[in-house]
4 protein chains.
Amino acid sequence: MNSKKERIFTAAIDKFSQKGSTNTTMQEIAETAGVGKGTLYRYFENKEDLIYSLIQYGINKMTNQVKEKISQVELPLEKLKIIVGAQLEFYDQHQNFCKFLTREIWGYQSKFEDYIKEIRSNNTVIIENIIKDGIERGVFKELNAETAAVSLSGMINITALHWFMFQDKFPIEKIRNDIIQLYFNGIKKSNI
Amino acid sequence: MNSKKERIFTAAIDKFSQKGSTNTTMQEIAETAGVGKGTLYRYFENKEDLIYSLIQYGINKMTNQVKEKISQVELPLEKLKIIVGAQLEFYDQHQNFCKFLTREIWGYQSKFEDYIKEIRSNNTVIIENIIKDGIERGVFKELNAETAAVSLSGMINITALHWFMFQDKFPIEKIRNDIIQLYFNGIKKSNI
Amino acid sequence: MNSKKERIFTAAIDKFSQKGSTNTTMQEIAETAGVGKGTLYRYFENKEDLIYSLIQYGINKMTNQVKEKISQVELPLEKLKIIVGAQLEFYDQHQNFCKFLTREIWGYQSKFEDYIKEIRSNNTVIIENIIKDGIERGVFKELNAETAAVSLSGMINITALHWFMFQDKFPIEKIRNDIIQLYFNGIKKSNI
Amino acid sequence: MNSKKERIFTAAIDKFSQKGSTNTTMQEIAETAGVGKGTLYRYFENKEDLIYSLIQYGINKMTNQVKEKISQVELPLEKLKIIVGAQLEFYDQHQNFCKFLTREIWGYQSKFEDYIKEIRSNNTVIIENIIKDGIERGVFKELNAETAAVSLSGMINITALHWFMFQDKFPIEKIRNDIIQLYFNGIKKSNI
DNA sequence: CATGAATGAGGCTTCATTCAT
DNA sequence: AATGAATGAAGCCTCATTCAT
């Protein structure tokens, strides 16, 4: 990856996460990246392309990181545990990207449609498949796998976002344990 | 509430949810509402004010609806059950507002900060308090109440959004049951 | 003169003199006059008409006041003395109108052309004729009467404006004497 | 001075003098200058800044021209003579600017306040000081120096404006002599 | 008669994009 | 290849004017 392109990526994520993509000017990105405005257009067709590329780049990075880790274990339960940890870790390392992504993904219908589908298939579907596998193996309850998968995604994503925005520190281990506990066994105390 | 103001509200939510607030022009809103451009400015100081008012109006409506319903039961468990149902119901009735809100709320610190705080205290905190109550009563596990509350919010919110965007129908009862089941007892099959 | 029309006139002069006619809205005038916005249009065709009428009204008032006074004396010298005093007095009584007028008169070419001509013939020409008369009678030097007339106008007008803007009080008698002294005998000390 | 900035200056003066600054659009200025609308904003922060800069630029130019000339003579009488000539000359060379300036300077307190003060101190005060000097030396009458200075300014300014607007030619030498004659010795024929 | 809600033309300004250097 | 001056489409907002009440 070209180092100048990386600088632009970083600058763009930085700005986008602070002010949103629409409120960030190409000028600002160029300045932050320390390149000329015209240079942006050597690496990206236009602003939209920059946003798309950014989403794709980040999603791929995150998905690959997650995929690699879950490939090392076999059981659905273990896989989900790893996903929660890996996802939180990634968000922690890339808070800005996380904010940016959340905002861009739940937004437009039209143009981003395809990208969103792709993100979905790259992300939620992974979880969905693990859950289906778990249901088949008889270790998970017979819930709608899609709902269950999206629920987990929502828990992780929104909790991370919430902590970023309203708290100073992000106690990742504690949060991970709570989410796993919650998602696996529920909030109710088992009253043997 | 003035009927023309309501028309503007509706038009704005409609457009904002489709294209995001920044990509929607005042012109478009006026046209959709069937009023003149200048009329918008009789009811709202400027575009920002329109967005603020919209968030506030919707949040209040939702919160009131939820608050009223949970006041009718006593047990934390029952309260949470009702919240899941009421929240999904509201989202179902106001899909566009739900999309708009999710998009506006997550992302930037910005000038919306205060509103977001308020929204939080009006919404997540309700859940948080119920959970704290449940923990004290010994019916809920000793998790971080904040994380647990935000997790539930995330589950409901993102699941609803997901169904709106990727599926034709919104089987509210089924989803409600799945989420409650998941949140109360977890995904793991109890292996007595 | 209708009292409501007078109130509008007064309000308009007040606002116009403070912010200029272009920066004053019909709304403001209506509010200051204590009437509805629509009412303005019962008395004036449009904003331009209001400005025109205002200029005309003020000029007429001033000219009449001056004309009446100079008709009481015969000699050119006496007439000029009276004009200086009367003009300063009028400006003093109608500072706002004076400011407004100066700004409007030395402005546009096009539309106001006719009005300006009229103002000129109503005002400067009076002085010009007195000067011509004085030259014929041999009491005034043989200067270009037009230049001499406009010069006096400029002296009076700009001096008044200057005092309004940069000094708290307007010592009208002192200024009148200085201007007369200056205009009649010049600044040079007569060196016997 | 950047040539494109000069072109904008010239275009702005041209338009402003014809229609007043408030009735001139940035669009028009851009077109007249032969540049794009956006280009104006590379050279001036906004319309107000353009007006300010214009006033300042012109005033400085005029004042410098005058100052330089009067520095070459010593006697108050000579200095004033030169000022009348230099000022008329400048107005003649920059008729449009003269119209623009007169219009902008007189009228409102507003935000231009500071600039007007500066203009005053750069312009009228020069005359005022010469007059004070002359009074001390015993060659000028003991009039209020401020009134005397502003009077001369008014004579020159308004006479120039008058000739520009109502006459085809501007017989600068003749006007200069008349004004000097008038200001030095008065209109009254000395009756030995 | 009087009012003020409603309108939309038009002004100022921003910013993605181009292109000459 | 890199730059940033230049551009003009497009957005927000104001305000003179109209007209139903």
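The rules behind these values
As a convention, each chain's residues are numbered from 1 in the sequence order in which they are written. Chains and ligands are labelled by the order in which they are written, letters from A for the one and numbers from 1 for the other. In view of the model being predicted, local features appear only for residues whose pLDDT reaches at least 70, and side-chain atom pairs are presented and counted only at 80 or more, with totals across whole chains, interfaces and linings using the full set of residues. Calculated side-chain values reflect all of the structure's heavy atoms, with hydrogen atoms and water omitted. C-alpha atoms of residues with pLDDT of at least 70 in both copies form the basis for the least-squares superposition of the copies. It only takes one pair of heavy atoms within 4.5 Å for two residues to be counted as in contact. Definition of nearness: a residue and a molecule or strand are near each other if at least one heavy atom of the residue lies within 4 Å of the molecule or strand. Polar contact is defined as a pair of N or O atoms within 3.5 Å, subject to the rule that within protein one atom must be able to donate a hydrogen and the other to accept it, and that residues adjacent in sequence are counted only when both atoms are side-chain atoms. By definition, any uninterrupted DSSP run of H or I lasting at least four residues is a helix, any uninterrupted run of E lasting at least two residues is a strand, and each is numbered from the N terminus. Ten residue types, Ala, Val, Leu, Ile, Met, Phe, Trp, Tyr, Cys and Pro, are classed as nonpolar, four, Asp, Glu, Lys and Arg, as charged, and the remainder, Gly among them, as polar. As annotated, the domain borders come from an automatic or database domain assignment. Accessible surface is computed with a 1.4 Å probe, and the buried area is the amount of it that two parts give up when combined, taken over both parts together. Salt bridge, as used here, is a side-chain nitrogen of Lys or Arg placed within 4 Å of a carboxyl oxygen of Asp or Glu.

Turning to the relation of the copies chain C and chain D, a few remarks are in order. Mapping chain C onto chain D calls for a rotation angle of 180° and an axial translation of 0.1 Å; the resulting RMSD is 0.2 Å. Here the copies are linked by what is in effect a two-fold axis. It is C:Gly186 whose C-alpha, among those of chain C, lies nearest the rotation axis, at 1.8 Å. Here 96% of the contact residues of chain C are again contact residues in chain D; the copies associate through an equivalent surface.

Now for the protein's contact with DNA strand E. If you check the shell around DNA strand E, you find 30 residues, and the closest are A:Met26, B:Lys37, B:Thr39, B:Arg42 and C:Thr39. Backbone atoms, meaning sugar and phosphate, make up 68% of the atoms of DNA strand E lying within 4 Å of the protein. In the model, a phosphate oxygen of DNA strand E is placed 3.2 Å from a nitrogen or oxygen of the A:Tyr41 side chain. Those elements giving two or more residues to the surface near DNA strand E turn out to be α3 (37-43) of chain A, α3 (37-43) of chain B, α3 (37-43) of chain C together with α3 (37-43) of chain D. A breakdown of the residues in the surface near DNA strand E according to their chemical character gives eight nonpolar, 12 polar and 10 charged.

Here the focus is the domain arrangement of chain A. All names here are of chain A. Once the domains are mapped, chain A shows domain 1 (1-44) and domain 2 (52-185). The gap between the C-alpha centroids of domain 1 and domain 2 is 27 Å. In total, about 870 Å² of surface goes out of reach between domain 1 and domain 2, with carbon and sulfur atoms giving 70% of it. On the domain 1 side of the contact with domain 2, Phe9, Ile13 and Ser17 bury the most area, a combined 53% of that side's loss. Inspection of the region where domain 1 meets domain 2 yields zero salt bridges. Run the count over domain 1 and domain 2 and you get three residue pairs in polar contact (both at pLDDT 80 or more). For the side of domain 1 that touches domain 2, the class distribution of residues is six nonpolar, three polar and two charged.

For the rest of this paragraph, the subject is the protein's contact with DNA strand F. The full set close to DNA strand F counts 30 residues, and A:Thr39, B:Lys37, B:Lys47, D:Thr39 and D:Arg42 are the nearest of them. Per the 4 Å cut-off to the protein, sugar and phosphate atoms form 71% of the nearby atoms of DNA strand F. A:Gly36 has a polar backbone atom sitting 2.9 Å from a phosphate oxygen of DNA strand F. One of the side-chain nitrogen or oxygen atoms of D:Tyr43 is found 2.8 Å away from a phosphate oxygen of DNA strand F. Of all elements in the fold, only α3 of chain A, α3 of chain B, α3 of chain C together with α3 of chain D reach the threshold of two or more residues within the surface near DNA strand F. Residue composition of the surface near DNA strand F, grouped by class: eight nonpolar, 12 polar and 10 charged.

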